Amino acid sequence: MAAILVLALFSLLTIIAWVWKSCMKKGTIDISLRNDDGHTRSPKAAIKPLSEFNWETTKPQQFRPFKPIYYITMALKSTTPSELIVIDSNYLSRLRERQIVMAKHEKHTLGCLPFGIEAVQEAYLYLLGEYLPTRYPTMFTRDDKLFRNKLTGASLSLIPPDDPIVALRSLGQNVEDDMFFLRETPDGHQAIAFVCCCPSGFDPAAKLGKLLKEVHEPVPSYDKIGPSMERYFSRLEVGKSASRVNWSITTNPQLFNVSGNHVNEGDQVEENMEVDIEKTYMRVELQTSTRLPNTRAIVFSFKTYMYSIKEIKAEGLGPDLADAIEGLKSGNAPGMWVYKGGIRWGKSVCEYLRS
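Trainee: So what exactly am I meant to see when it comes to the overall build of the protein here?
Mentor: Helix and strand content of the protein: 12 helices and 12 strands. Of all 355 residues assigned to the protein, the portion counted as buried reaches 50%. Within the protein, residue pairs in contact and separated by at least 24 positions form 76% of the contacts whose partners lie at least 6 positions apart. Surface accessibility of the protein: about 17,400 Å² in total, with carbon and sulfur atoms responsible for 55%.

Trainee: Looking at this structure, how should I read the pattern of salt bridges?
Mentor: In a structure, side chains of opposite charge can pair up when their charged atoms sit close to one another. Scanning the entire structure with this criterion turns up 13 salt bridges. Between Glu 176 and Lys 303 there is a salt bridge, with the nearest N and O atoms lying 2.8 Å from each other. Note that Glu 176 is positioned in the loop between helix 5 (164-172) and strand 8 (178-185) and Lys 303 in strand 12 (residues 298-308), a separation of 127 residues in sequence. By the burial criterion, Glu 176 is buried, and Lys 303 matches it. Several salt bridges converge on common partners, so that one network encompasses Asp 88, Arg 94, Glu 176 and Lys 303.

Trainee: Honestly, the side chain of Thr 109 in this entry has me stumped. Any pointers?
Mentor: Mapped onto the elements of the fold, Thr 109 is located in helix 3 (residues 106-109). For Thr 109, the side chain forms a polar contact with the main-chain oxygen of His 105, separated by 2.9 Å. Residues in contact with Thr 109, not counting those within four places in the same chain, are Val 101, Met 102, Phe 194, Val 195, Cys 196, Cys 197 and Phe 256.

Trainee: Can you help me understand the packing of helix 10 (residues 318-326) against helix 12 (residues 342-354) in this one?
Mentor: The axes of two packed helices give the description: the angle between them and the distance between them. Across the interface, helix 10 lies against helix 12 with an axial gap of 8 Å and an inter-helix angle of 160°. It follows from the interaxial angle that helix 10 and helix 12 lie roughly antiparallel. Here helix 10 runs over helix 12; the crossing is left-handed. In this structure, helix 10 uses Gly 318, Pro 319, Leu 321, Ala 322, Asp 323, Ile 325 and Glu 326 to contact helix 12, whose residues at the interface are Trp 345, Gly 346, Val 349, Cys 350, Leu 353 and Arg 354. Grouping the constituent residues of the contact of helix 10 with helix 12 by class yields eight nonpolar, two polar and three charged.

Trainee: Could you clarify how one ought to interpret the packing of aromatic side chains in this entry?
Mentor: Aromatic ring pairs are reported here in terms of the distance separating the ring centres and the angle at which the planes meet. Scanning the model with the defined rule gives 11 aromatic pairs in all. For the ring pair Phe 180 and Phe 202, a centre distance of 6.4 Å and an interplane angle of 45° mean the geometry is tilted. Residue Phe 180 is located in strand 8, and its partner Phe 202 is located in the loop between strand 9 (188-195) and helix 6 (204-207); the two are separated by 22 residues in the primary sequence. Ring geometry for Phe 300 against Phe 302: centres 6.4 Å apart, planes inclined by 50°, an arrangement best described as tilted.

Trainee: What is the right way to read the pairing of strand 10 (residues 241-250) from this model?
Mentor: Working note: regular strand, side chains alternate between the two faces of the sheet. Most of strand 10 sits inside the fold, with eight of its 10 residues counted as buried. Pairing analysis gives three bridges linking strand 3 (residues 77-79) to strand 10, with the strands arranged antiparallel. Bridging from a neighbouring strand, Lys 77 pairs with Ser 243 of strand 10.

Trainee: Explain the nonpolar core here, please?
Mentor: Judged by nonpolar contacts, the single largest core of 47 residues is most densely connected at Phe 233, Trp 247, Ile 249, Met 282, Leu 321, Ile 325 and Met 336. For Leu 321, the residues in contact, after removing those within four places along its chain, are Phe 66, Trp 247, Ile 249, Met 282, Ile 309, Ile 312 and Leu 353.

Trainee: What exactly am I supposed to notice about the sheet that holds strand 3 here?
Mentor: Spatially, seven strands are ordered 3-10-11-12-8-9-4 in an open sheet, and the strand pairing comes out antiparallel. Bordering the open sheet on either side are strand 3 and strand 4 (110-112), each of which pairs with just one other strand. Each neighbouring strand pair of the sheet contributes to a mean axis angle of 35°, computed without reference to strand direction. The strands touched by helix 5 are strand 4, strand 8 and strand 9; relative to strand 4, the strand with the most contacts, the crossing angle is about 140°.

Trainee: Help me understand the layout of surface pockets, please; the structure alone is not making it clear to me.
Mentor: In this approach, a probe sized like a water molecule rolls over the atoms, and the result shows the empty space that is left. Within this model, the largest pocket holds a volume of roughly 970 Å³. Lining the largest pocket are 41 residues, and of these His 216, Val 219, Asn 246, Glu 285 and Gln 287 lie nearest its centre. Of all the secondary structure elements, the ones that give two or more residues to the lining of the largest pocket are strand 8, helix 6, helix 7 (212-215), helix 8 (226-235), strand 10, strand 11 (281-291), strand 12 and helix 11 (336-339). Ranked by residues supplied to the lining of the largest pocket, first place goes to strand 11 with five residues.

Trainee: Help me understand the sheet that holds strand 6 (residues 146-149), please; the structure alone is not making it clear to me.
Mentor: One key point about sheets: their strands pair by backbone hydrogen bonds, in either a parallel or an antiparallel sense. Overall, antiparallel pairing links the three strands, which are arranged 5-6-7 in an open sheet. A strand with exactly one partner marks an edge of an open sheet, and here the two such strands are strand 5 (140-142) and strand 7 (155-157). Between one strand axis and the next, the sheet turns by 20° as a mean value, whatever way the strands run. In the sheet, strand 6 pairs with strand 7 via three bridges, with the strands oriented antiparallel. Each residue of the ladder has a partner; that of Phe 147, found in strand 7, is Leu 156.

Trainee: Just checking my understanding: could you explain helix 5 for this structure?
Mentor: Each full turn of the α-helix corresponds to 3.6 residues, which orients residues three or four apart in the same direction. Of all nine residues that make up helix 5, seven are buried, and the element is covered over most of its length. Among the residues of helix 5, Pro 164, Ile 165, Ala 167, Leu 168, Ser 170, Leu 171 and Gly 172 are the ones counted as buried. Two or three places before Ile 165, at the start of helix 5, stands the capping residue Asp 163, its side-chain oxygen 2.9 Å from that residue's backbone nitrogen.

Rules behind the numbers
- Residues numbered from 1 in each chain as written.
- Predicted model: local features only at pLDDT ≥ 70, side-chain atom pairs only at ≥ 80, totals over all residues.
- Heavy atoms only, no water.
- Helix = DSSP H or I, 4+ residues; strand = E, 2+ residues; numbered from the N terminus.
- Buried < 20%, exposed > 50% of the residue type's maximum accessible area, 1.4 Å probe, protein only.
- Contact = heavy atoms within 4.5 Å.
- Areas by Shrake-Rupley, 256 points an atom, 1.4 Å probe, with all protein chains shown as cover.
- Salt bridge = Lys/Arg side-chain N within 4 Å of Asp/Glu carboxyl O.
- Polar contact = N/O pair within 3.5 Å; in protein donor to acceptor, adjacent residues only side chain to side chain.
- Axes fitted to C-alpha atoms, helices over the stretch in contact; angles between N-to-C directions.
- Parallel < 35°, antiparallel > 145°, perpendicular 65-115°, else oblique.
- Left-handed = near helix turned anticlockwise from the far one by under 90°.
- Nonpolar A, V, L, I, M, F, W, Y, C, P; charged D, E, K, R; others polar.
- Phe/Tyr/Trp six-rings, centres within 6.5 Å; stacked < 30°, edge-to-face > 60°.
- Pairing = 2+ DSSP bridges.
- Core = buried A, V, L, I, M, F, W, Y, C linked by side-chain atoms within 4.5 Å.
- 1 Å grid on protein atoms, 1.4 Å probe; cavity = no way out; pocket = protein on both sides within 12 Å on 5 of 7 lines; lining within 4 Å.
- Points joined across faces, edges and corners; volume = space filled by probe spheres on them.

Pasting the structure below:
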């Protein structure tokens, strides 16, 4: 009897795997969303098209999220499915840079665990097959077989590649946002795949397979928001999403930076160093979280903005930013002053901003 049950279970799993594979090959995976009443709706219907969108005249958003005293909080803002990907006049130049970075640093920009493959393929089909052509019809089109990027001339099959690295690279070549894919485990949410060309002071490859609490282990006072973050991800519904922004100061213009932007325990530090203001920026990440309907994976994506310190001072916000930099020492996470590098560049940058 036991042998019969084992054989039946094996047969069922084989059939399920075959059906999934067939759907993926045909590009017919169900990516419908569900309303609160349980009825399905097409994700396409939830996406508001920007029918006359002109990327060349769309300026990057101007975020100024700094406050006099720094508090580590989730600070989430509800967003709509339409706002998942934000495109502006930096689009083509950023894509060119991403191409170069992925070619030179593949192991540090692209990664996927075996149990992340289905989530990557689902995101590939949704973004290329539904979201981008619907949200930005002036830039992207699709037919029954192909996705087309009008700006780059690229054409991609709507059948997700078997190789997740190929799929992730395709996403990185068409979307400016970096993405980490998370799955829920009994111990917390785990990073199972990524395409990340704009890391700020960390190696994305080193985060693969780690739980959120392990990913954020170097972050001072993360324990104050870690449990809330886990609960939020567990409760995140399909068709719902939220965003937040964070900021830091960098003394170099590189978007791809796997080390140097942060000061970790044991690092040798040059305090109160002189910096080149021409190369000093406020770096802001617009972070968005959404859930895929079939694999139930979380896509944590972020778009990076760079604002020169000179630009912020010219706006008359120099003293405000200087107060916020010194405010890293205060609040509920005073370790941020060292971690974010203020111990190195804080004195020099604040003097400039107040001059």
